[in-house]
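One letter stands for each residue in the lines below.
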Amino acid sequence: MTNSINEIAQAQVILVSGSNTTEAHPQVARRMFDAIDRGAKLIVIDPRRTRLAEHAHIHLAIRPGSDIPLLNAMMRIILDENLADDLFIEMRTENYHALRDMLYQLDLDETAEITGVPLAKISAAAQLYARAQKAVVCYCLGVTQHICGTNNVQSIANLAMLTGHVEKEFTGVDPLRGQNNVQGACDMGALPGHFPSYQPVNTAEYRTKFEQAWGTELSGTPGLSLMEMTHSGPQGAIRGMLIMGENPMLSDPNLKKVEATLKNLDLLVVSDIFLTETAALADVVFPAASFAEKTGTFTNSERRVQMVRQVIPPLGSCRSDGEIIMALSQVMGYDMRYESMAEVMEEIALLAPIYGGMFHDRIEGCWGLQWPCWNRDHAGTSFLHKYYFTRGRGHFVPATHEAAAELPDADFPFILNTGRVYHQYHTGTMTRQSSSLNREASEALLEVNPQDAARLGLRTGDWVELSSRRGSATVKAHITEQVAKGSVYTSFHFPAVAINLLTSDARDPKAQCPEYKVSAVRLEKINP
């Protein structure tokens, strides 16, 4: 996030794309509603009519996978209306002419037709966003989980730079992260090609720094992405795997391929707080401590590093993640020893520049610090890019429409979209242990448009066999106008309806993020 979460409440215009914010990020949604109460305007880009979309001043109900045409049309309209921030473009960016030339080649009527949104509505949204003094874009997995997800994000960056809506307080681009510490995991190098603080492994200078600190030789070759590991198949190059706090047997797409990969490993070790669907396949399971049983830090979406303090001792034979990693390292020949998590944090401050001023004794006495925090005297950074971008000038990257890998046809005429519900979380490893949460949401429901339901003879509560080219699942129908005709939607929290048996493992070639948001399916009413 370029900005802080509380800044959203002071924005004049909020553009939300691909985020069911009220259900997936309710505390962020609260700031959005606070802003609306103060007079802010809300634009929502989403194929579904979510609760947030119902509150929108403009809802752009695009066809799934048409984000780039929509954003390009908005930018072309901004140029036509002379609303681009020419001074910001001149002083802070590069490659603008390539974007401008691409936009001027667009046929706006044809582009709007691709999106399924009336051109007048696109124009109203574009002008509302561009004319604001303080405008923020919030986006989530509905933007990234496409084969063109990287270009979707780049197009959002293009829009923000074109209008100068970045570098200022209350104004910027805010990706809402999907898990509570996924930002921290990326910051700490849980990426195939980076050391902590986004220092590339194939750069000799950074590699030497970490080799000297850790006293061992390190590879300069980037590793594999999640999908390259879990979808490598029974004859894949990886023969052993340690999975910590992840449940790919429910969360990954095309689950049959995941199962074939994991079952054919020479060794599968899983570390988790409950026996997940993935842990059930493991040769060895390490019982891990929960958040209440360990001390450390979480880094949230707004780059805020916060203390997590141990409240109770680990139950049974559970151990913290750090203790498990150190014990494994020692028996595998590398004597990794830290006396406390505070000592680990001191090493992070030494080796990861954006965390240079982060120490437990500093973080304990406040609500946390936001990176970059360069040294002990630095107060942290509430919003980014005030004077410069990390790379110097912001680089415009023109992008054109790329159709989804799998489109509806006569055999599979519907588009399946997946996501989350308010009372469950991700694969339900924790939330499905709660009777009160299960009382609110205990099963998956398939949202079906009333027109499609009438044609298929479906009513709410009827059982449906939902099938794709990869598999099928039996799920209850819920008839609602929240989804458009020709589209269906359900969650992935429940193993009884393992919806990722159906989803496509086509993925973005750059980020390797799978296309969860567009899979071709068919529906058939059944009597279970």
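Everything numeric here is computed off the predicted structure, so don't read it as measured data. (Residues numbered from 1 in each chain as written. Predicted model: local features only at pLDDT ≥ 70, side-chain atom pairs only at ≥ 80, totals over all residues. Heavy atoms only, no water.)

1. Concerning the sheet that holds strand β9 (residues 240-244)
Pairing between the strands of a sheet comes from backbone hydrogen bonds, and it takes one of two forms, parallel or antiparallel.
Part 1: The strand order across the open sheet built from three strands is β9-β10-β11, with neighbouring strands paired in parallel fashion. The two strands at the open ends of the sheet, each matched to only one other strand, are β9 and β11 (284-287). Across the sheet, the mean angle separating the axes of adjacent strands is 10° when strand polarity is ignored.
Part 2: Two elements, β9 and strand β10 (residues 267-272), share five bridges in a ladder whose sense is parallel. What sits directly across from Met244, in β10, is Ser271. (Pairing = 2+ DSSP bridges. Helix = DSSP H or I, 4+ residues; strand = E, 2+ residues; numbered from the N terminus. Axes fitted to C-alpha atoms, helices over the stretch in contact; angles between N-to-C directions.)

2. Description of the nonpolar core
Part 1: By size, the foremost hydrophobic cluster in this structure holds 45 residues, and its most contacted members are Met74, Tyr129 and Leu162.
Part 2: In terms of residue count, helix α4 (residues 67-80) provides more of this core than any other element does, eight residues in total.
Part 3: Residues in contact with Tyr129, not counting those within four places in the same chain, are Val13, Leu15, Ile43, Ala135, Val137, Leu159, Ala160, Thr163 and His165.
Part 4: The next biggest cluster of nonpolar side chains, apart from the first, holds 21 residues, and it includes Ala53, Cys138, Cys140 and Leu176. (Core = buried A, V, L, I, M, F, W, Y, C linked by side-chain atoms within 4.5 Å. Buried < 20%, exposed > 50% of the residue type's maximum accessible area, 1.4 Å probe, protein only. Contact = heavy atoms within 4.5 Å.)

3. Comments concerning unusual backbone geometry
Part 1: Note the cis peptide between Trp371 and Pro372, where omega equals 0°.
Part 2: If you trace the backbone, Pro372 turns up in the loop between β14 (369-370) and β15 (394-395).
Part 3: Unlike most non-glycine residues, Asn254 shows phi in positive territory, near 50°.
Part 4: When you line up the elements, Asn254 lands in the loop between α14 (248-251) and α15 (255-263).
Part 5: Its identity is not glycine, yet Gln512 carries a phi of approximately 65°, on the positive side.

4. As for the domain arrangement of the chain
Part 1: Partitioning the chain into domains gives domain 1 (5-176), domain 2 (182-370) and domain 3 (414-525).
Part 2: Listed as interface residues are 18 residues of domain 2 and, on the opposing side, 22 residues of domain 3.
Part 3: Regarding the contact of domain 2 and domain 3, the summed buried area is about 1,600 Å², with carbon and sulfur atoms giving 63% of it.
Part 4: Between the two partners, domain 2 and domain 3, sit two salt bridges.
Part 5: Of the charged contacts in the structure, one is a salt bridge between Arg432 and Glu277, with a shortest N-O distance of 3.5 Å.
Part 6: Linking domain 2 with domain 3 are eleven residue pairs in polar contact (both at pLDDT 80 or more).
Part 7: Elements with a contribution of two residues or more to the side of domain 2 that touches domain 3: α13 (226-230), α14 and α15.
Part 8: Broken down by element, the side of domain 2 that touches domain 3 gets its largest block of residues, three residues, from α15.
Part 9: Considering only residue class, the side of domain 2 that touches domain 3 consists of six nonpolar, six polar and six charged. (Domains from an automatic or database assignment. Buried area = accessible area lost by both parts, 1.4 Å probe. Salt bridge = Lys/Arg side-chain N within 4 Å of Asp/Glu carboxyl O. Polar contact = N/O pair within 3.5 Å; in protein donor to acceptor, adjacent residues only side chain to side chain. Nonpolar A, V, L, I, M, F, W, Y, C, P; charged D, E, K, R; others polar.)

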